[in-house]
Amino acid sequence: MRCAVVVPPIEDFYYTPHRGSFLGAHIVARILKSLGYLVDLYIFPNTKKPRIIQIPDELRYLKDFIIDGEVGPFSYFTTYKRFGPDYKKAAELILLNSPDLVFISCFAFCYTKSTIRVAEEITKKDKNIKIIVGGAGVSVFPEYFENTGLFYSVLTKEAEIAIPEFFGRDVRFDLIPSVVNTKNTKRVSYFSTYLTRGCPKNCGFCSVALVHGRKLREVDSNLLMDILPDEDNSKIFLFNFEDDNVLLKKESFFEVLQKIKSRYSKVLFSCENGIDYRELDIDTLQTMINLGFRQFNLSIVNVNKRILLEQKRTFLRDKFIELVDYLKEQDIETIVYFIAGFRGESWKDSIKNLIFLAQLGERVRVGLSVFYPVPGILGFEEKGFFLDKSPYLLCSSAAYPWNNSLTTQDFITLFRLARVINFLKRPIIENESYYVVKKIIREKRLYTFVKNIPYPVEVKNYNRDMVKELFDNLKITLKK
Ligand code: SF4
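For clarity, every value in this text was computed on a predicted model and none was experimentally measured.

K.L.:
Before we go on, may I ask you to explain the overall build of the chain in this structure?
P.N.:
Each helix and strand in the chain was counted, giving 16 helices and 20 strands. For 480 residues, the compact-globule formula gives about 23 Å, and the C-alpha radius of gyration of the chain, at 23 Å, lands near that figure. With respect to the three principal axes, the spread of C-alpha positions in the chain is 70 × 50 × 45 Å. When burial is assessed residue by residue, the chain has 40% of its 480 residues classed as buried. Taking the intrachain contacts of the chain between residues at least 6 apart in sequence as the baseline, contacts between residues at least 24 apart amount to 75%.

Structural data, given as structure tokens:
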């Protein structure tokens, strides 16, 4: 029997291919192979250069904020893209090898539309083919996929359980390690992997437990080492761990880092999904730096105590500052994320987060995460609520006011302000952008660059009060 395993094309304003490892689809492919089936794997988002496409009707409201031809360090998105072939072409490619079964992976609910569009095109060409859908996006709201009538089966559990169950095979898989070579250049090979699944913590905004449960489980690191490639001393090997909270298994994590380090002469590590800084201390940081971490991605979620309490999350301010100061001393770059748009949050609350991060100095860059719900998380437990909402609105880039707290205008103003703050954190070069940033701070208005216009242009449709609030409360000393 022949199976196709498919990751549909992605439609969004942005997507970073070297982050697109799609470990879940690789695991499905591995399981199918070990059950004795022939497998063709189609990771469509990584196969083609992106194509600019029309913004979907559901996201038309964003056009009010997009400035055609906008460029430069203070810009917002200008184009909407499809990463991968069009859906018709994708279906043709999938059917080329005449698969008996097609497994489609929907790794996030916000990408449901692409999953459905691929399934529709396949069905148009072969209405008898059996299409099976699974993945994190499916697990949080399986009924949405069942209701389409497109799928022969809708799988919700982890692949290690769901796939053998689907075939009625009494085979037990432990967590299967997977490592994916996401990008290769002449000098660098990028890999993504993970060591754990699940998280026992209970943050209200997080969907990890809905998909993987609260029990923290580990892959067999010996199996992981077996599938890693051999040393190639002409290259730097860069490993990104995609775990949600890998520091909960600190000892095994360090053991694996050591094993990898002893295989490759030049190796660097990262955890780009973010590290729970509450599990860090100075010794742990130093060990990670010694082993090959050169950048840290940390999330504070929010500095507002009331919001954190509702989200069942803590903010250990002193500890956080101690860690960040240490990272600065070691000259290690840190990106600190906060989430904006929680229920009951005002734009003034969001600006307080930005001020806090701006004051941490030049080694700390700001990462803004716009709140978006996943069906089933705190405050969005009633899944029927999502039936008449387009999944496009659940992308972070949709900047949709899910909690009726921040508006789309507030989110996009915040996005631009975060870019201005990050610009100020760079070494100063007295160029045109520096002149514009001085103008922004002096006038407390937002300006940007537009192609073929020789002077800075004031941004359209932004919240001026937010800009004023930020620069009224932030002490910035600029060269005259
Ligand atoms: S946000 Fe992080 S710490 Fe909180 S539940 Fe999710 S994975 Fe766990």
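K.L.:
Where do I start with the nonpolar core in this structure?
P.N.:
Soluble, globular proteins show a tendency: their nonpolar side chains are buried together. Val-6, Val-28 and Val-133 are the most contacted members of the largest nonpolar core, which has 131 residues in total. Considering each element in turn, this core owes the most residues, eight residues, to helix H14 (residues 408-424). If we ignore the near neighbours within four places in the chain, the residues touching Val-28 are Val-5, Phe-103, Ser-105, Ala-159 and Ile-163.

K.L.:
What's the story with the environment of Phe-151 in this structure? I'm lost.
P.N.:
Mapped onto the fold, Phe-151 is located in the loop between helix H5 (142-146) and strand E9 (153-154). Sequence separation between Phe-151 and Thr-123 is 28 residues; the distance between their C-alpha atoms is 9.6 Å.

K.L.:
I keep staring at unusual backbone geometry and nothing clicks. Help me out?
P.N.:
Most of the time, phi is negative for any residue but glycine, and the peptide bond is trans. One non-glycine residue, Phe-22, adopts positive backbone phi at about 50 degrees. Relative to the assigned elements, Phe-22 resides in the loop between strand E2 (10-12) and helix H1 (23-34). Residue Phe-22 is classed as buried on the basis of its 23 C-beta neighbours within 10 Å. The phi angle at Asn-461 is positive, at roughly 55 degrees, despite the residue not being glycine. Among the secondary structure elements, Asn-461 is positioned in the loop between strand E20 (457-458) and helix H16 (464-473).

K.L.:
Explain the site of the ligand here, please?
P.N.:
Surveying the vicinity of the ligand reveals the residues Cys-199, Lys-201, Cys-203, Cys-206, Val-208, Asp-244, Asn-245 and Asp-276. Of the residues contributing to the shell around the ligand, the split by class is four nonpolar, one polar and three charged.

K.L.:
Explain the packing of helix H13 (residues 347-358) against H16 here, please?
P.N.:
A pair of packed helices is characterised by two quantities: the angle between their axes and the separation of those axes. The N-to-C vectors of H13 and H16 enclose an angle of 40 degrees; their axes lie 10 Å apart at closest approach. One finds that H13 runs oblique with respect to H16. Of the two possible hands of crossing, H13 and H16 adopt the one that is right-handed. Contact with H13, carried on its side by Trp-347, Lys-348, Ile-351, Leu-354 and Ile-355, involves Met-466, Glu-469, Leu-470 and Asn-473 of H16 and no other residues of that element. By residue class, the composition of the contact of H13 with H16 is six nonpolar, one polar and two charged.

K.L.:
Can you walk me through the sheet that holds strand E19 (residues 447-450) in this structure?
P.N.:
Sheets are built from strands that pair by backbone hydrogen bonding, the pairs being arranged parallel or antiparallel. An order of E5-E19-E20 is seen for the three strands of this open sheet, with the pairing classed as antiparallel. Either end of the sheet is taken by a strand with one partner, and the two such strands are strand E5 (70-71) and E20. For E19 and E20, the ladder comprises two bridges, and the chain directions are antiparallel. Directly across from Tyr-447, in E20, lies its bridge partner Glu-458.

K.L.:
Please clarify how the pairing of strand E15 (residues 267-270) should be interpreted in this entry.
P.N.:
Each regular strand carries side chains that alternate between the two faces of the sheet. Residues of E15 alternate between two faces, with Val-267 and Phe-269 buried on one and Leu-268 and Ser-270 left unburied on the opposite face. Pairing of strand E14 (residues 236-241) with E15 involves four bridges; the strand directions are parallel. Bridged to Asn-240 within E15 is Ser-270.

K.L.:
Just checking my understanding: could you explain the sheet that holds strand E4 (residues 51-53) for this structure?
P.N.:
Read across the open sheet, the three strands follow the order E2-E6-E4; overall the sheet is antiparallel. Two strands bound the open sheet, and with one partner strand each, they are E2 and E4. Averaged over all adjacent pairs, the angle separating strand axes in this sheet is 30 degrees, with direction ignored. Relative to strand E6 (residues 80-83), E2 runs antiparallel, the two being bridged by three bridges. The residue of E6 that forms the bridge with Ile-10 is Phe-83.

K.L.:
Can you help me understand helix H12 (residues 317-329) in this one?
P.N.:
Owing to its 3.6 residues per turn, the α-helix aligns residues three or four sequence positions apart on the same side. Here H12 contains 13 residues, and its C-alpha end-to-end distance of 18 Å stays within 8% of the 18 Å for a straight helix at 1.5 Å per residue. If you check which residues of H12 are buried, you get Leu-323, Val-324 and Leu-327. Taken down its axis, H12 places every buried residue within 95 degrees of arc, on the same side. When the buried face of H12 is taken as reference, the exposed residues oriented beyond 90 degrees from it are Asp-318 and Glu-329. Packing partners of the buried residues in H12 comprise helix H10 (282-291), strand E16 (295-301), strand E17 (333-340) and strand E18 (364-370). Once H12 ends, the next one or two residues include Asp-331, with phi positive near 65 degrees.

K.L.:
What is the right way to look at the pairing of E17 in this model?
P.N.:
Across six bridges, the pairing between E16 and E17 is parallel. Bridge pairing links Val-301 to Phe-338 in E17. Sheet topology places E17 next to E18; seven bridges connect them, and they run parallel. Each residue of the ladder has a partner; that of Ile-335, found in E18, is Arg-365. In terms of handedness, the path from E17 via H13 over to E18 forms a crossover that is right-handed.

K.L.:
Which parts of the structure should I look at to understand the environment of Leu-224?
P.N.:
Within the secondary structure layout, Leu-224 lies in helix H8 (residues 221-227). Judged by the 19 C-beta atoms lying within 10 Å of it, Leu-224 falls in the partly exposed class. Through-space distance from the C-alpha of Leu-224 to that of Ile-66 is 45 Å; in sequence the pair is 158 residues apart. Here Leu-224 is in contact with Pro-177, Val-179, Thr-193, Val-219 and Val-256, once residues within four sequence places are set aside.

K.L.:
What's the story with the packing of H1 against helix H6 (residues 159-166) in this structure? I'm lost.
P.N.:
Look at H1 against H6: their axes get within 10 Å of each other, and the N-to-C directions meet at 40 degrees. When the axes of H1 and H6 are compared, the pair comes out oblique. Here H1 runs over H6; the crossing is right-handed. Contacts from Gly-24, Ile-27, Val-28, Ile-31 and Leu-32 in H1 reach Ala-159, Glu-160 and Ile-163 in H6. Per-class residue counts for the contact of H1 with H6 are six nonpolar, one polar and one charged.

The rules behind the values
Residues numbered from 1 in each chain as written. Predicted model: local features only at pLDDT ≥ 70, side-chain atom pairs only at ≥ 80, totals over all residues. Helix = DSSP H or I, 4+ residues; strand = E, 2+ residues; numbered from the N terminus. Rg over C-alpha atoms; globule rule 2.2 N^0.38 Å. Buried ≥ 20, exposed ≤ 12 C-beta atoms within 10 Å, placed from the backbone. Contact = placed C-beta atoms within 7 Å. Core = buried A, V, L, I, M, F, W, Y, C linked by C-beta atoms within 7 Å. Near = placed C-beta within 6 Å. Nonpolar A, V, L, I, M, F, W, Y, C, P; charged D, E, K, R; others polar. Axes fitted to C-alpha atoms, helices over the stretch in contact; angles between N-to-C directions. Parallel < 35°, antiparallel > 145°, perpendicular 65-115°, else oblique. Left-handed = near helix turned anticlockwise from the far one by under 90°. Pairing = 2+ DSSP bridges. Expected span 1.5 Å × (residues − 1). Arc of directions from axis to C-beta. Right-handed = clockwise from strand over helix to strand, strands pointing away.

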